[in-house]
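Residues per chain, in single letters:
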Amino acid sequence: MINGAMKAFAIHGYGKASMSDIAKEAGVSKALLFHYFDTKKELFLYLWNLTAEKTQESLLLSGVVGDRDFFSVMEKGLRAKMDLARTWPWMALFSVKAWYEDDEEVYSEITRSIDKFPTKDGKTLRLLYPETNFRDDLDLGLMYQDMYYMSEGYLWHQMERGDIDPDKMEKEYMAFLELWKKAYLKGEKDEVCN
């Protein structure tokens, strides 16, 4: 039922997904859906919070906590999220679609939960990841923005294509990580130009 509801919201968005669409995707009756959730909004926010909870659990189990190397954390995080996508195939698409949801009924609650995530400036990154051999001339805040926007665009592109294949995505994203290492780490800069 959960994955079907995520699929319906991912495909239709909050405003256009009806409880009938959700019940159909979930393979349950509309009455059963209403037995568990009084409103579409309640279901949507439940899925949003479940996604955050499962992602956090997965990241904790991956070993990112306490890892002091930025790219090691990125790789572990990627693998954890792709493992999650293998278990919950529509979770990634749902979360991307929900992140950009602008329907007034849920917008403020989604935005409020997103605002809880701290931004990563250069000083914070150097403190969190002292074992990372970042280039001295690097603006880490700008690097982080570059990686964030590229990742966001990549996920959006995959969502638009409906091409959520965790194995393929993991392989492609690992290639991006290798490129970023070459661009942003000391001793790797010359390899980018070759």
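Above this note sits the structure.
Residues numbered from 1 in each chain as written. Predicted model: local features only at pLDDT ≥ 70, side-chain atom pairs only at ≥ 80, totals over all residues. Heavy atoms only, no water.

Novice: Describe the overall build of the chain, with residues and values.
Specialist: The helix and strand tally for the chain stands at eleven helices and zero strands. If one aligns the C-alpha atoms of the chain with their principal axes, the spans along those axes are about 60 × 30 × 30 Å. When each of the 194 residues of the chain is scored for burial, the buried share is 37%. At a minimum sequence separation of 6, the contacts of the chain that also span at least 24 residues come to 65%. Accessible area for the chain stands at about 11,200 Å²; split by element, carbon and sulfur atoms hold 53% of it. Positive and negative side-chain charges in the chain, numbering 26 and 34 respectively, have mean positions lying 1 Å apart. (Helix = DSSP H or I, 4+ residues; strand = E, 2+ residues; numbered from the N terminus. Buried < 20%, exposed > 50% of the residue type's maximum accessible area, 1.4 Å probe, protein only. Contact = heavy atoms within 4.5 Å. Areas by Shrake-Rupley, 256 points an atom, 1.4 Å probe, with all protein chains shown as cover. Lys, Arg positive; Asp, Glu negative; His and termini not counted. Charge placed at Lys NZ, Arg CZ, Asp CG, Glu CD.)

Novice: Could you give an account of the nonpolar core, with specific residues and numbers?
Specialist: One finds Phe-9, Ile-22, Leu-43, Phe-44, Leu-47 and Phe-94 to be the most contacted residues of the largest nonpolar core, which totals 25 residues. Elements supplying a minimum of two residues to this core: helix H1 (2–16), helix H2 (19–26), helix H4 (40–62), helix H6 (91–99) and helix H7 (104–114). Each residue touching Ile-22, except ones within four places of it in the same chain, is listed here: Ala-5, Ala-8, Phe-9, Leu-33, Lys-40 and Leu-43. Counting 21 residues, the second largest nonpolar core, distinct from the first, contains Phe-70, Phe-71, Met-82 and Met-147. (Core = buried A, V, L, I, M, F, W, Y, C linked by side-chain atoms within 4.5 Å.)

Novice: Any chance you could break down the side chain of Lys-40 for me, citing the residues and the numbers?
Specialist: By secondary structure assignment, the location of Lys-40 is in helix H4. Within the buried core, Lys-40 has no salt-bridge partner, and the shortest N-O distance to an opposite charge, that of Glu-105, equals 5.9 Å. Of the polar contacts made by the side chain of Lys-40, one reaches the backbone oxygen of Ala-17; its length is 2.9 Å. The contact partners of Lys-40, leaving out residues within four places of it in the chain, are Phe-9, Tyr-14, Gly-15, Ala-17, Met-19 and Ile-22. (Salt bridge = Lys/Arg side-chain N within 4 Å of Asp/Glu carboxyl O. Polar contact = N/O pair within 3.5 Å; in protein donor to acceptor, adjacent residues only side chain to side chain.)

Novice: An account of the side chain of Asp-67 is needed here, citing residue identities and associated values.
Specialist: With respect to the helices and strands, the residue Asp-67 is situated in the loop between H4 and helix H5 (70–87). Residue classification places Asp-67 among the buried positions, given a relative accessible area of 14%. Side chain to side chain, Asp-67 and Ser-72 meet in a polar contact 2.5 Å long. Side chain to side chain, Asp-67 and Lys-76 meet in a polar contact 2.8 Å long. In this view, Asp-67 contacts Ser-72, Val-73, Lys-76, Leu-128 and Tyr-129; residues no more than four positions away in its chain are not counted.

Novice: Can you break down the packing of aromatic side chains residue by residue, with the values?
Specialist: By the definition in use, this model includes 16 aromatic pairs. Each ring, one from Phe-9 and one from Phe-44, has its centre 5.0 Å from the other, and the planes form 85°; the classification is edge-to-face. Of this pair, Phe-9 sits in helix H1 while Phe-44 sits in helix H4; the two residues are 35 residues apart in sequence, bridging distant segments of the chain. No difference in accessibility class separates Phe-9 from Phe-44, as the two residues are buried. Between Trp-48 and Trp-99, the aromatic rings sit 6.5 Å apart at their centres with planes inclined by 50°, giving tilted as the arrangement. (Phe/Tyr/Trp six-rings, centres within 6.5 Å; stacked < 30°, edge-to-face > 60°.)

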